[in-house]
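# Analysis of the macromolecular model
Letter by letter, the chains look like this.
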Amino acid sequence: MPAVTKEAHKDGDYFVDYEEKVFEDVKADEGEKALVTFHTVAFEGSIGLVNILNAIRLARKGYETSILLYGPGVTLGIQRGFPTLGDEAFPGHQNFAKNLNRFMEEGGKIYACRFALQALYGHGEPSLLPGITPIAPQDVLDCILLHKKDNAVIIDTWTV
């Protein structure tokens, strides 16, 4: 067997050039909008958290940004915790709540489908994080269509 002669990696090492940016840093023009939709289950993959972070970034770039939670996506906006609501039962347990709250604190709007909330996941409007606006199931399509009419940037998040 060949001998390994390199030192073990240690904290502070890096493997890639994280400072080089290939594309220009795009900022929104006055009045531009963005919509990030979520049809994904909380804790079933990384895309829920990644695109919440993308929504925060879009807002910071100047886009009037909204998040639409529908289908299993409403599970991202539900209050959780153990043993009581708000408690973090394990590291990262409150990632969705913390980042959705940050998004709203920075001016973002979040909408959650009432049908998915009650009919699919057995929750009521009081289960949502404060600040999330519950909407009728018919509003899901209209929210998307209105953003399309406004030529908004739309990021659809859909997992099966």
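Note that the structure is a prediction, hence the values are computed from the model and not measured.

## Some points on the overall build of the protein
Counting its secondary structure elements, the protein contains four helices and five strands. Walking the protein from its N terminus toward its C terminus, one meets helices and strands in the order β-α-β-α-β-α-β-α-β. Its C-alpha atoms give the protein a radius of gyration of 19 Å, clearly above 15 Å, the size a compact globule of 160 residues would have. Dimensions of the protein, computed from the C-alpha atoms along their principal axes, are close to 65 × 45 × 30 Å. Sorting the 160 residues of the protein into buried and exposed places 36% on the buried side. Contacts spanning at least 24 positions in sequence make up 72% of the contacts within the protein whose residues lie at least 6 apart. If you sum the accessible surface of the protein, you get close to 10400 Å²; carbon and sulfur atoms cover 55% of it.

## A look at the sheet that holds strand β4 (residues 133-135)
A sheet is described by the order of its strands in space; here five strands give the open sequence β4-β3-β2-β1-β5, paired in parallel fashion. Across the chains shown, the open sheet's two edge strands, defined by having one partner strand only, are β4 and β5 (153-158). Adjacent strand axes in the sheet meet at a mean angle of 20° when their direction is disregarded. Here strand β3 (residues 109-113) pairs with β4 via three bridges, running parallel. Within β4, the residue paired with Ala112 across the bridge is Pro134.

## Focus: the side chain of Thr40
Residue placement: Thr40 occurs in the loop between β1 (33-39) and α1 (47-60). A distance of 2.5 Å separates the side chain of Thr40 from the side chain of Thr159, its partner in a polar contact. When residues no more than four places from it in sequence are discounted, the contact partners of Thr40 are Ile47, Gly48, Pro72, Gly73, Thr75, Leu76, Thr157 and Thr159.

## Quick word on the packing of α1 against helix α2 (residues 95-105)
Their axes nearest at 10 Å, the elements α1 and α2 cross at an angle of 15°. Taken together, α1 and α2 sit at an angle that is classed as roughly parallel. The handedness of the crossing between α1 and α2 comes out as left-handed. Two secondary-structure elements touch here, α1 through Gly48, Leu49, Ile52, Leu53, Ala55, Ile56, Ala59 and Arg60 and α2 through Asn95, Phe96, Asn99, Leu100, Arg102 and Phe103.

## A few points about the pairing of β1
Counting buried residues in β1 gives six out of seven residues, a clear majority hidden from the surface. For β1 and strand β2 (residues 64-69), the ladder comprises six bridges, and the chain directions are parallel. Bridged to Leu35 within β2 is Ser66. Examined bridge by bridge, β1 and β5 share six bridges and lie parallel to one another. Within β5, the position partnered with Val36 by the bridge is Ile155.

## Re the packing of aromatic side chains
Taken as a whole, this structure holds four aromatic pairs when the rule is applied. Consider the rings of Phe43 and Phe96, whose centres lie 5.0 Å apart with planes at 80°: the pair is edge-to-face. Placement of Phe43 in the loop between β1 and α1 and of Phe96 in helix α2 is noted, with a sequence separation of 53 residues between them. Note on Phe96: relative accessible area 6%, which makes it buried. The structure contains a cluster of three or more aromatic residues connected by ring pairs, namely Phe43, Phe90 and Phe96.

Here is what the cut-offs are and how they apply
- Residues numbered from 1 in each chain as written.
- Predicted model: local features only at pLDDT ≥ 70, side-chain atom pairs only at ≥ 80, totals over all residues.
- Heavy atoms only, no water.
- Helix = DSSP H or I, 4+ residues; strand = E, 2+ residues; numbered from the N terminus.
- Rg over C-alpha atoms; globule rule 2.2 N^0.38 Å.
- Buried < 20%, exposed > 50% of the residue type's maximum accessible area, 1.4 Å probe, protein only.
- Contact = heavy atoms within 4.5 Å.
- Areas by Shrake-Rupley, 256 points an atom, 1.4 Å probe, with all protein chains shown as cover.
- Pairing = 2+ DSSP bridges.
- Axes fitted to C-alpha atoms, helices over the stretch in contact; angles between N-to-C directions.
- Polar contact = N/O pair within 3.5 Å; in protein donor to acceptor, adjacent residues only side chain to side chain.
- Parallel < 35°, antiparallel > 145°, perpendicular 65-115°, else oblique.
- Left-handed = near helix turned anticlockwise from the far one by under 90°.
- Phe/Tyr/Trp six-rings, centres within 6.5 Å; stacked < 30°, edge-to-face > 60°.

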